[in-house]
Amino acid sequence: MNSFGAVVPLLVVVGAALIVFLLEAFLKKENKNYLAYLSLLALIGCGILSANAWNGGLTYFDGMLRLDNAALFLTFLFLIAVAFVILIGMKYISLQDANHGEFYGLLLLALSGLMIMVSSTHFIVIFLGLEVLSVSSYSLAGLKRKDDKSSESAVKYFLMGSFASAFLVFGLAILFGTAQALDIPGLVDFFKAGPDNQVLGVVGLGLVLVGFAFKIAIVPFHMWAPDVYEGAPTPVTAFFSIGPKAAGFAVLIRLLAPYWNAGFRSGKLFGFLWALAALTMLAGNLIALRQNNIKRMFAYSSIAYAGYMLIAVLAGDGAGLLFFLTIYMFMSIGAFGSLIALSRKGREYNELGDFAGVGFKYPWIGAIFAVFLLSLAGFPPTAGFLAKFYVFVAAVNQGLTPLVLIAVLASLISVYYYLRIIVYMYMREPEREVSIEMENPALYLVLFLCLYGVLQLGLFPGNVLYLIKQAVAALL
Amino acid sequence: MELVFVFLIFGLLGVVLLSMNALLGPKKTNPDKEKPFECGSPYLQNEIKPFPIKFSLVAFVFLLFDIEVVFFFPWALIFKEMRGPALVIMLAYGAVLAAGFIYAWKKGAFEWD
Amino acid sequence: MAILLFFLFAAFAVGSVLGMIISRNQAYSALFLVVAFASLGGLFGLLGAPFMAVVQIIIYAGAIMVLFIFVIMMIHLGEGISAEKKKWTIAAAVFMGIILLAEIVFAVKGAPAVPMAGQEMAGTSPTEIGRLLFTKYLYPFEITSILIIAALVGAVVLIKKREGE
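Owing to the predicted nature of the structure, the values given are computational and were not obtained by experimental measurement.

Helix and strand counts for chain B come out as four helices and zero strands. Listing each helix as α and each strand as β along chain B from the N terminus yields α-α-α-α. Here chain B, with 113 residues, has 12% of them falling under the buried criterion.

Right, let's talk about the overall build of chain C for a bit. Looking only at helices and strands, chain C has six helices and zero strands in total. Each helix and strand of chain C, placed in order from N terminus to C terminus, yields the pattern α-α-α-α-α-α. Looking at chain C as a whole, 25% of its 165 residues are labelled buried. For chain C, the proportion of contacts with a sequence separation of at least 24, taken over those separated by at least 6, is 48%.

The next subject is the interface of chain C and chain B. Opposite the 41 residues of chain C that make contact, chain B presents 43 residues. For the side of chain C that touches chain B, the leading source of residues is helix α3 (residues 50-74) of chain C, giving 13 residues. Residue composition of the side of chain C that touches chain B, by class: 31 nonpolar, six polar and four charged.

Okay, helix α11 (residues 270-289) of chain A next. Note: α-helices contain 3.6 residues per turn, so residues at a spacing of three or four share the same orientation. All names here are of chain A. The terminal C-alpha atoms of α11 lie 29 Å apart, and with 20 residues this matches the ideal 28 Å at 1.5 Å per residue to within 8%. Of the positions making up α11, those classed as buried are Leu 273, Leu 276, Ala 277, Ala 278, Thr 280, Met 281, Gly 284, Asn 285, Ile 287 and Ala 288. For α11, the secondary structure elements touched by its buried residues are α8 (198-215), α12 (294-314) and α17 (401-427).

Moving on: the domain arrangement of chain C. Assigned domains within chain C: domain 1 (1-78) and domain 2 (122-165). The C-alpha-based centres of domain 1 of chain C and domain 2 of chain C are spaced at 24 Å.

Counting 222 residues, the largest nonpolar core has Val 13, Ala 81, Leu 107, Ile 311, Phe 324, Ile 333 and Val 391 of chain A as the members making the most contacts within it. Sorting elements by how many residues they give to this core places helix α3 (residues 69-95) of chain A first, with 20 residues. For Leu 107 of chain A, the contacting residues outside a window of four places in its chain are Val 82, Val 85, Ile 86, Leu 140 and Phe 239 of chain A. Judged by nonpolar contacts, the second largest core, of eight residues, contains Ala 38, Leu 40, Phe 44 and Ala 53 of chain C.

Another aspect to go through is the environment of Ile 116 of chain A. Position of Ile 116 of chain A among the secondary structure elements: in helix α4 (residues 102-118). Owing to 30 C-beta atoms within 10 Å, Ile 116 of chain A belongs among the buried residues under this scheme. Counting along the chain gives 198 residues from Ile 116 of chain A to Leu 314 of chain A, while the straight-line C-alpha distance between them is 25 Å. Beyond its immediate stretch of four places on either side in the chain, Ile 116 of chain A contacts Leu 10, Val 125, Leu 128, Gly 129 and Val 132 of chain A together with Ile 143 of chain C.

Residues and elements named next belong to chain A. In this structure, the amide linkage connecting Val 219 to the following residue, Pro 220, adopts the cis form with an omega of 5°. The peptide bond linking Pro 380 to Pro 381 adopts the cis configuration, its omega dihedral lying at 5°. Considering the arrangement of structural elements, one finds Pro 381 in the loop between α15 (363-377) and α16 (383-397). A positive phi is found at Asp 62, a non-glycine position, where the angle reads about 55°.

What follows concerns the packing of α15 of chain A against α17 of chain A. Residues and elements named next belong to chain A. At a minimum axis separation of 9 Å, α15 and α17 run at an interaxial angle of 170°. It follows that α15 is roughly antiparallel to α17 by the angle criterion. Here Gly 366, Ala 370, Leu 373, Leu 376 and Ala 377 of α15 lie close against α17, whose contacting residues are Ser 414, Val 415, Tyr 418, Leu 419, Ile 421, Ile 422 and Met 425. Residues belonging to the contact of α15 with α17 are distributed by class as follows: 10 nonpolar, two polar and no charged.

This brings us to the confidence of the model for chain B. The predicted model of chain B averages 78 in pLDDT, with 77% of residues at 70 or higher. Per-element confidence in chain B ranges from a low mean pLDDT of 68 for helix α2 (residues 31-34) of chain B to a high of 91 for helix α4 (residues 84-106) of chain B.

Moving on, we come to the environment of Ile 57 of chain C. Residues and elements named next belong to chain C. Mapped onto the secondary structure, Ile 57 falls in helix α3. Considering only alpha carbons, one finds Ile 57 and Leu 40, 17 residues apart in sequence, at a separation of 8.5 Å. With residues up to four places along the chain from it excluded, the contact list for Ile 57 reads Ala 38, Gly 41 and Gly 62.

Glancing now at the packing of α12 of chain A against α16 of chain A. Residues and elements named next belong to chain A. α16 packs onto α12 with a crossing angle of 40° between their chain directions and a minimal axis gap of 9 Å. Judged on the interaxial angle alone, α16 and α12 are oblique. In this structure, the crossing between α12 and α16 has a hand that is left-handed. Along the contact surface, α12 presents Tyr 308, Ile 311, Ala 312 and Leu 314, while α16 presents Lys 388, Val 391, Ala 394 and Ala 395. Partitioned by chemical class, the residues of the contact of α12 with α16 number seven nonpolar, no polar and one charged.

On to the confidence of the model for chain C. Residues and elements named next belong to chain C. On average, residues of chain C score 82 in pLDDT, and 85% of them reach the 70 mark or higher. Within chain C, α3 has the poorest average pLDDT of any element, 84, and helix α6 (residues 138-159) the best, 92. Per the prediction output, this complex has pTM 0.89; the corresponding ipTM is 0.91.

Criteria and cut-off values
- Residues numbered from 1 in each chain as written.
- Chains lettered and ligands numbered in written order.
- Predicted model: local features only at pLDDT ≥ 70, side-chain atom pairs only at ≥ 80, totals over all residues.
- Helix = DSSP H or I, 4+ residues; strand = E, 2+ residues; numbered from the N terminus.
- Buried ≥ 20, exposed ≤ 12 C-beta atoms within 10 Å, placed from the backbone.
- Contact = placed C-beta atoms within 7 Å.
- Nonpolar A, V, L, I, M, F, W, Y, C, P; charged D, E, K, R; others polar.
- Expected span 1.5 Å × (residues − 1).
- Domains from an automatic or database assignment.
- Core = buried A, V, L, I, M, F, W, Y, C linked by C-beta atoms within 7 Å.
- Axes fitted to C-alpha atoms, helices over the stretch in contact; angles between N-to-C directions.
- Parallel < 35°, antiparallel > 145°, perpendicular 65-115°, else oblique.
- pLDDT = per-residue confidence, 0-100.
- Left-handed = near helix turned anticlockwise from the far one by under 90°.

Next up, the structure:
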């Protein structure tokens, strides 16, 4: 149904971002919390508008904007993620010398980029959404301006991201040249139609996939991730771990879903993606073993997680992928939130040695962090177990048993480094004095909600699975 | 044909303006004057000195608004056909950029501190 | 007449690119590149693609060159490269040059002998581009404004000094 209502959620977010920028420029207040409240209000408004559009199938701009249920589900996911990031960032930016009101505005713009990406099937729109997301992300990574690592992170992300975008545009140009179409249905028709120019088309598609592989950090296109994750302000890192990844995979399943029942597993790109998935899981987890900086370790862990998500794509399990992304959002933001909880003014504790004995000194934070780590490692009854379980079962049903064996092996490797943090927290004598800023209610709220999410989805995932089923129906 | 005249006129004008300095300017020179001035010592380098980073913001802002200008060209050509909608479209576009412009202005992006 | 203009622009383009390569001063190189871009803009105009010509001049000769010149001015390039490295760069340049030559030969061989039919050029008039841009591609067009403001805010927040710093 063609309706202007399809644009309104996006307009709310962009409008709020502009207002945040203008307020920041005019009021110049030292306390930026009012901008956070304003942003949260916009997120809630956007959420209500999106909820009203559920099952509505609204479209606008000649179908270039398509609010189907899959787009809406991912929009909810992003809204929750950005709201969490704003909440864990409120205190953080003033404590860690990144006190710019633009933090909130840029996050909202990044969110609008994500929403644009997931709510279109036209590659020009998807590309522009990706660029809005990326450009906002580059500056978000560098917000701690006096910190060399943060600046390095911004520059690296910018250079590597531009490089990836160049691949993407080149691939799109070749695709357009051969298929004379850039919308996903048109491309699917082209590839299903016949052998004319197929080779060139596959080259173009391959380049597009490489571009996306960069953005979602799949080995061997992952080199930027550890440095960017380490240098960026921690709330921003939490955002990076879920936002770009979820949107990239959303585009990937939109592109590949039409093939799931039509010879996907014998297609030209299947072997390529299979190898990428195996490599990503093994390399990500093996390199993570050697990391002593927690943020770098999480960076490699998130790379490995991209590998698990790729299995869901290969298995043609859209519902499993969305469920996986939902759970990963709670786990990842929870874990990074715990890292933020263990910080004080001008000092963050990111080295493994800092965590010695923390579990007894700060029992609550230690316990919550441990739950997130166990969930990331995939122990029942946490949601992390269920996420992997569903995806692996779906993959085995599709005859991907060798890949699942690799995945299980990789998961077992990952248990070591997740548990190592817990061992440090509870079984080592403290090496150095760790003191943290305790007064941060917004952060504790997020930690609690993430904990709730991880346990609720691990034990009673029924409601969310029901929504996901409706969302996936839009894709096929 | 008019195109040729345009190129001829502006090309000639360019040549005239370029050569004006050589024609009208005073030419008092000697070998020492042609050398770069370096207090007391022979000059060592002919490279360009690094530039203050402040310029990057100027370059960047110019780049962004330059891209906006490109869109005005097809817009102006289509305006007669579309009228109202075209105006609304460009106003919406301009409003977003105006917000950015005001933001940059208030932040002092155009001040030379 | 067009053939005359073509040779004029072509000569300017090739000459200024040569000047760009030969010039030892990087700022001169950049300015030569501006001339090359402008001549290319003229060539696009002659090919019946005025929009491309305008974009070539405004974006390439204008905006992109400003960034080029800025980068040249900001970083040290005076030392040049060592003799050891120079050998490799020459080898790489020869290799790339041969590939480029082969590409051009293939392209010219494969090109149709007759210039493309008129209908192929129909979509390239600025009016036609405007019509597409403001109707079918309206959504992407408006998204570019968000992209520009994201870049602007990012640049200001990362570069501009805050008060009291």
